[in-house]
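Descriptive analysis of the structure
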Amino acid sequence: MKRIYIICSLAVFLGIAGGISFFLIRDANAAIPASTTFITQSGDTFNFGKDKTKLKLIEFIYTHCPDVCPTTTQKMVDLKEDLLKKGIYGKGVEFVTITIDPYRDTSEILQEYKKGFGIEKDNNWLFLTGEKQQIKDDQKQLRKITNALQFQYKDPGNGQFIHSTFTYLVDEDNKFITKFPMGKEFNKQDVYDKILDKIE
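With that settled, consider the overall build of the protein. Within the protein, the regular secondary structure consists of five helices and nine strands. Helices and strands appear in the protein in the N-to-C order α-β-β-β-α-β-α-β-α-β-β-β-β-α. Within the protein, the proportion of its 200 residues that are buried is 46%. Taking the contacts inside the protein whose residues are at least 6 apart along the sequence as the reference set, 68% of them involve residues at least 24 apart.

Take a look at the structure:
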């Protein structure tokens, strides 16, 4: 009986360890496909495969979000100020905000959203969306990056999206480094330290 208990305990332990290993390996190998293309808040085309100069801190939002999205963006504004003081914002790291609601969040809407946080003149913080005329293709582009980073989202039909609550740090080659909680759980110091660790 004791032997069965030990075997069962070992099997459970190995199952848990295997599951943890799977997720760690999956995240470590995650990368944004080079073909992923969006439209910026200025209406320009942005391709992840052509932007291999800096680390990127990526957040997914939708502008109608009542809580976690604007809270995260504001915390990133505060983080930006700390990185500017260190002299690495725009040089070693840039911010990327991607809407999960490209149909409503046009370039013009994203410009207004950006303005609301006082960052409308910041060229090192990109806000990305799609084009209404190509909404199906835009959704495919969006799924390329959300699937790569394991970010989940869904519109239940009322325009209030259900979504994962993580921001992501990727390297110059758009490969996953780590992720951080969104909203009130977004710890500015933790993100700051990780960015510095990767740059220095």
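Next comes the rest of the account.
The biggest cluster of nonpolar side chains holds 51 residues, and the ones touching the most others in it are Phe 48, Leu 83 and Ile 98. With six residues, helix H2 (residues 68-86) is the single largest residue contributor to this core.

Once that is clear, we can look at the confidence of the model for the protein. For the protein, per-residue confidence averages 86 on the pLDDT scale, and residues scoring 70 or more make up 84% of the total. Counting contacts from residues 8-28, a segment whose pLDDT is below 50, to residues more than four positions away or on other chains yields five contacts.

Our next topic: the sheet that holds strand S9 (residues 176-181). With mixed pairing, seven strands are arranged side by side in an open sheet as S2-S1-S5-S4-S3-S8-S9. Each end of this open sheet is capped by a strand with a single partner; those strands are strand S2 (45-47) and S9. The mean angle between the axes of side-by-side strands here comes to 35°, regardless of whether they run parallel or antiparallel. Across the sheet, H2 lies against strand S3 (55-61), strand S4 (93-99), strand S5 (125-129) and strand S8 (166-170), angled at about 160° from S3, the strand it touches most. Of the strands in this sheet, strand S1 (37-40), S3 and S4 are in contact with helix H4 (residues 135-148), which crosses S1 at around 110°.

Within the structure shown, the criterion is met by 13 aromatic pairs. Taken together, the ring pairs connect Phe 60, Tyr 62, Phe 151, Tyr 153, Phe 161 and Tyr 168 into an aromatic cluster. Note that Arg 143 overlies the ring of Tyr 153, its terminal NZ or CZ placed 4.0 Å from the centroid. Over the ring of Phe 166 we find Lys 179; its NZ or CZ atom is 4.5 Å from the centre of that ring.

Let's shift gears to the packing of H2 against helix H5 (residues 188-199). Across the interface, H2 lies against H5 with an axial gap of 10 Å and an inter-helix angle of 40°. Taken together, H2 and H5 sit at an angle that is classed as oblique. Note that H2 runs across H5; the crossing there is right-handed. Across from Lys 75, Asp 78, Leu 79, Asp 82, Leu 83 and Lys 86 in H2, the residues of H5 making contact are Lys 188, Val 191, Tyr 192, Ile 195 and Leu 196. Residues of the contact of H2 with H5, tallied by class, amount to six nonpolar, no polar and five charged.

For the coordinates displayed, the defined rule picks out one cavity of 30 Å³ or more. Roughly 40 Å³ of volume is contained in the largest cavity. Forming the walls of the largest cavity are Phe 38, Ile 98, Thr 99, Pro 102, Leu 128, Thr 129, Gly 130, Asp 138 and Leu 142. For the lining of the largest cavity, the elements supplying multiple residues, two or more each, are S4, S5 and H4. In terms of residue class, the lining of the largest cavity is built from five nonpolar, three polar and one charged.

Reading the values: rules and limits
- Residues numbered from 1 in each chain as written.
- Predicted model: local features only at pLDDT ≥ 70, side-chain atom pairs only at ≥ 80, totals over all residues.
- Heavy atoms only, no water.
- Helix = DSSP H or I, 4+ residues; strand = E, 2+ residues; numbered from the N terminus.
- Buried < 20%, exposed > 50% of the residue type's maximum accessible area, 1.4 Å probe, protein only.
- Contact = heavy atoms within 4.5 Å.
- Core = buried A, V, L, I, M, F, W, Y, C linked by side-chain atoms within 4.5 Å.
- pLDDT = per-residue confidence, 0-100.
- Pairing = 2+ DSSP bridges.
- Axes fitted to C-alpha atoms, helices over the stretch in contact; angles between N-to-C directions.
- Phe/Tyr/Trp six-rings, centres within 6.5 Å; stacked < 30°, edge-to-face > 60°.
- Lys NZ or Arg CZ within 6 Å of the ring centre and 35° of its normal.
- Parallel < 35°, antiparallel > 145°, perpendicular 65-115°, else oblique.
- Left-handed = near helix turned anticlockwise from the far one by under 90°.
- Nonpolar A, V, L, I, M, F, W, Y, C, P; charged D, E, K, R; others polar.
- 1 Å grid on protein atoms, 1.4 Å probe; cavity = no way out; pocket = protein on both sides within 12 Å on 5 of 7 lines; lining within 4 Å.
- Points joined across faces, edges and corners; volume = space filled by probe spheres on them.

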